[in-house]
Every structure is written in structure tokens, then in C-alpha cells.
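Chain by chain, the residues:
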Amino acid sequence: MTAIKILMLIAVLGHLLCGICDCLLIYTPSGKFGFQLMKDNDKMRNVFRTMPLRNPMLSMLLGVLALLMSSGGYFALCLWMRQFSITAAVTMLIAAAMFLIPGTAHHVICGVAEWFYIRMGMTEDAREAISEFFRKTSVTMIACYLGLIVFGITLFLMVVTGATVLPSWACIFNILLIATVLFPLRIGGAGNWAGAAMFLGLLFLV
């Protein structure tokens, strides 16, 4: 197995682990958290009232490790793409950095916000504090999704146009395309399940 395939396999495991970390933040014994709940503290408190403090802590710590594992796969894809187009490879590398570095920060921010909300007693003041925290750090989320979009579009176009050795139908193994299908289903960790599916599919084709 080549180094590129090994890195992609590690990326599959990294995305699966990060998906689990996402679920630790989203699902509680009392229900499912969504950002829309942040407008109503009664509804938000009801969801988080049974959330163990260890969940956001574990999510933060393991999530950083998971994203580090995933980063090797994105770098491997950029190296592989270099033989077909240096421009595409560089574009994907920059996009991956935008996706992973701010994405790691955003993941930690989400965990920190939940931890402090619960620790501060789930009061209205706590809700306002974390809402302000999210607003002032939203640039990490924006950069993360922008990087994901650019990476996904570049990879899709290179494959679907036949610019690589992959068959055109292999364009379906794309994190952006798979995530677009999964997001409307409102599944926790959708982006990471999409990333795992992309690397798993490309693992057998690259």
C-alpha cells in the first residue's frame, strides 16, 4: 500500500472519529441540539439539562486528534493531483488549509461554548454569553465552509472533466457532493460522514 493510500485510510478513520465527536456535541439524553435553539433559552436548557460535562470535553480533545488524522488525507489528495495540474493541486492545498485549520478552531469553539453554558447553570446570561462568543468567532466557521466548497468544486471539476486518470463517475466520491445530499437529512456529523465516504471511495480508485 502506497503512502498516499495509507494517509487516505487514516483520513477515513479521522473523519469517522470526528463524526462521533460531532455527535457528542449534538445529541444529548434529552434531545438534539441545533443552532436555532439558541434563540430560546427554555428550549436550549431542556436539551442540555442531562448533558454530561465530559461530552463536550471529550469532543474537543478527540476532535483535534481526529482532524489532524484527516489532514493527512487531504494533503495526500493534493500530492496525487499535482501530476495532473499544479494549479488544481495548489488550489486544493490552500482550500484544505482553510477547511482544516479554522475548522479545528470552530470545533473547539463549539465544545467550549457548550461546556461553559452547562457549567454556568444554563441561565439566560449563559445563553447570551455563548451567543456573543459564537458571533465574534463566526469567521472560523465561514472560512471552514469556504475552504470545503473550493476544495470540493476543484476536485469535482478535475475528475468529471477527465483531467485525471479516474473515470468521470468517480466524481461522486466528493465531500462537498456527499455532504450536500446528507445535510438536508439533518444527521449529526454529516460533513464528517461525507469526508469518510469520499476517502473510502477514492482509496480503491487512486
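Located above this text is the structure these notes cover.
Every value quoted in this text rests on a predicted model; they were computed, and no experiment measured them.

Things to note about a nonpolar patch on the surface
Here is step 1 of the chain: Taken together, Leu-58, Leu-62, Leu-65 and Leu-68 make up a surface patch of nonpolar side chains, about 350 Å² in accessible area.
Here is step 2 of the chain: Examined against the element boundaries, Leu-68 turns out to sit in helix 3 (residues 54–81).
Here is step 3 of the chain: For Leu-68, a relative accessible area of 59% puts it in the exposed group.

A short note on unusual backbone geometry
Here is step 1 of the chain: In the Ramachandran plot, Met-122 falls in the positive-phi region, its phi being about 55 degrees despite a non-glycine side chain.
Here is step 2 of the chain: Among the structural elements, Met-122 can be located in the loop between helix 4 (86–119) and helix 5 (124–136).
Here is step 3 of the chain: According to the relative accessible area criterion, Met-122 is buried, its value standing at 13%.
Here is step 4 of the chain: A positive phi angle is found at Arg-186, which is not glycine, with a value near 55 degrees.

What to know about the packing of helix 7 (residues 175–182) against helix 8 (residues 190–203)
Here is step 1 of the chain: Interhelical geometry of helix 7 versus helix 8 gives an angle of 135 degrees and a closest axis separation of 8 Å. Taken together, the axis directions place helix 7 and helix 8 in an arrangement best described as oblique. Considering the relative orientation of helix 7 and helix 8, their crossing is right-handed. Between helix 7 and helix 8, the contacting residues are Ile-175, Ile-178, Ala-179 and Leu-182 on the first element and Ala-190, Gly-191, Trp-193, Ala-194, Gly-195, Ala-197 and Met-198 on the second.
Here is step 2 of the chain: Looking at the contact of helix 7 with helix 8 residue by residue, the class counts come to nine nonpolar, two polar and no charged.

Observations concerning the pattern of salt bridges
Here is step 1 of the chain: Applying the stated rule across the entire model yields three salt bridges.
Here is step 2 of the chain: Here Arg-45 makes a salt bridge to Asp-42, at a shortest N to O gap of 2.7 Å. With Arg-45 and Asp-42 both in helix 2 (residues 41–48), this residue pair falls three residues apart, about one helical turn.
Here is step 3 of the chain: A residue is classified by how much of its surface remains accessible, and Arg-45, at 32% relative accessible area, is partly exposed.
Here is step 4 of the chain: Residue classification places Asp-42 among the exposed positions, given a relative accessible area of 51%.

Here we look at helix 2
Here is step 1 of the chain: Asn-41, Met-44, Val-47 and Phe-48 are the residues of helix 2 that are buried. The buried residues of helix 2 occupy an angular sector of 125 degrees when the element is viewed end-on, so they sit on one face. Exposed residues pointing more than 90 degrees away from the buried face of helix 2 are listed as Asp-42 and Lys-43.
Here is step 2 of the chain: Packed against the buried residues of helix 2 are helix 1 (3–26), strand 1 (27–28), strand 2 (31–32), helix 4 and helix 5.

Considerations on the layout of surface pockets
Here is step 1 of the chain: Approximately 980 Å³ is the volume attributed to the largest pocket.
Here is step 2 of the chain: Along its surface, the largest pocket is lined by 36 residues, and Asp-22, Ile-26, Phe-35, Tyr-145 and Gly-189 are the ones closest to its centre.
Here is step 3 of the chain: Among the elements of the structure, helix 1, helix 4, helix 5, helix 6 (138–160) and helix 8 are those that each provide at least two residues to the lining of the largest pocket.
Here is step 4 of the chain: For the lining of the largest pocket, the element with the highest residue contribution is helix 4, accounting for nine residues.
Here is step 5 of the chain: Considered class by class, the residues forming the lining of the largest pocket number 21 nonpolar, 11 polar and four charged.

Topic: the environment of Ile-175
Here is step 1 of the chain: For Ile-175, the position within the fold is in helix 7.
Here is step 2 of the chain: Accessibility expressed as a relative area gives 1% for Ile-175, which makes it buried.
Here is step 3 of the chain: In this structure, Ile-175 is in contact with His-15, Tyr-74, Phe-99, Leu-148, Gly-191, Ala-194, Gly-195 and Met-198, ignoring residues within four places of it in sequence.

Examining the nonpolar core
Here is step 1 of the chain: Core analysis: the biggest nonpolar cluster contains 39 residues, and Tyr-74, Leu-77, Met-81, Phe-151, Leu-155, Met-198 and Phe-199 have the highest contact counts within it.
Here is step 2 of the chain: Mapped onto this core, the elements with two or more residues apiece are helix 1, helix 3, helix 4, helix 6, helix 7 and helix 8.
Here is step 3 of the chain: Among the elements that make up this core, the one with the highest residue count is helix 3 (eight residues).
Here is step 4 of the chain: Once residues within four sequence positions are removed from consideration, Met-81 is found in contact with Ala-88, Ala-89, Met-92, Leu-155, Met-158 and Thr-164.

Re the packing of helix 3 against helix 4
Here is step 1 of the chain: It is at 10 Å that the axes of helix 3 and helix 4 come closest, and there the two elements cross at 175 degrees. Regarding the angle of helix 3 to helix 4, the classification is roughly antiparallel.
Here is step 2 of the chain: Tallied by class, the residues present in the contact of helix 3 with helix 4 amount to 20 nonpolar, seven polar and one charged.

Procedures and definitions
Residues numbered from 1 in each chain as written. Predicted model: local features only at pLDDT ≥ 70, side-chain atom pairs only at ≥ 80, totals over all residues. Heavy atoms only, no water. Patch = residues over 30% accessible without salt bridge, like charges linked within 9 Å, V, L, I, M, F, W, Y side chains within 5 Å. Areas by Shrake-Rupley, 256 points an atom, 1.4 Å probe, with all protein chains shown as cover. Salt bridge = Lys/Arg side-chain N within 4 Å of Asp/Glu carboxyl O. Helix = DSSP H or I, 4+ residues; strand = E, 2+ residues; numbered from the N terminus. Buried < 20%, exposed > 50% of the residue type's maximum accessible area, 1.4 Å probe, protein only. Axes fitted to C-alpha atoms, helices over the stretch in contact; angles between N-to-C directions. Parallel < 35°, antiparallel > 145°, perpendicular 65-115°, else oblique. Left-handed = near helix turned anticlockwise from the far one by under 90°. Contact = heavy atoms within 4.5 Å. Nonpolar A, V, L, I, M, F, W, Y, C, P; charged D, E, K, R; others polar. Arc of directions from axis to C-beta. 1 Å grid on protein atoms, 1.4 Å probe; cavity = no way out; pocket = protein on both sides within 12 Å on 5 of 7 lines; lining within 4 Å. Points joined across faces, edges and corners; volume = space filled by probe spheres on them. Core = buried A, V, L, I, M, F, W, Y, C linked by side-chain atoms within 4.5 Å.

Remember, this is a structural readout, not a statement about activity or role.
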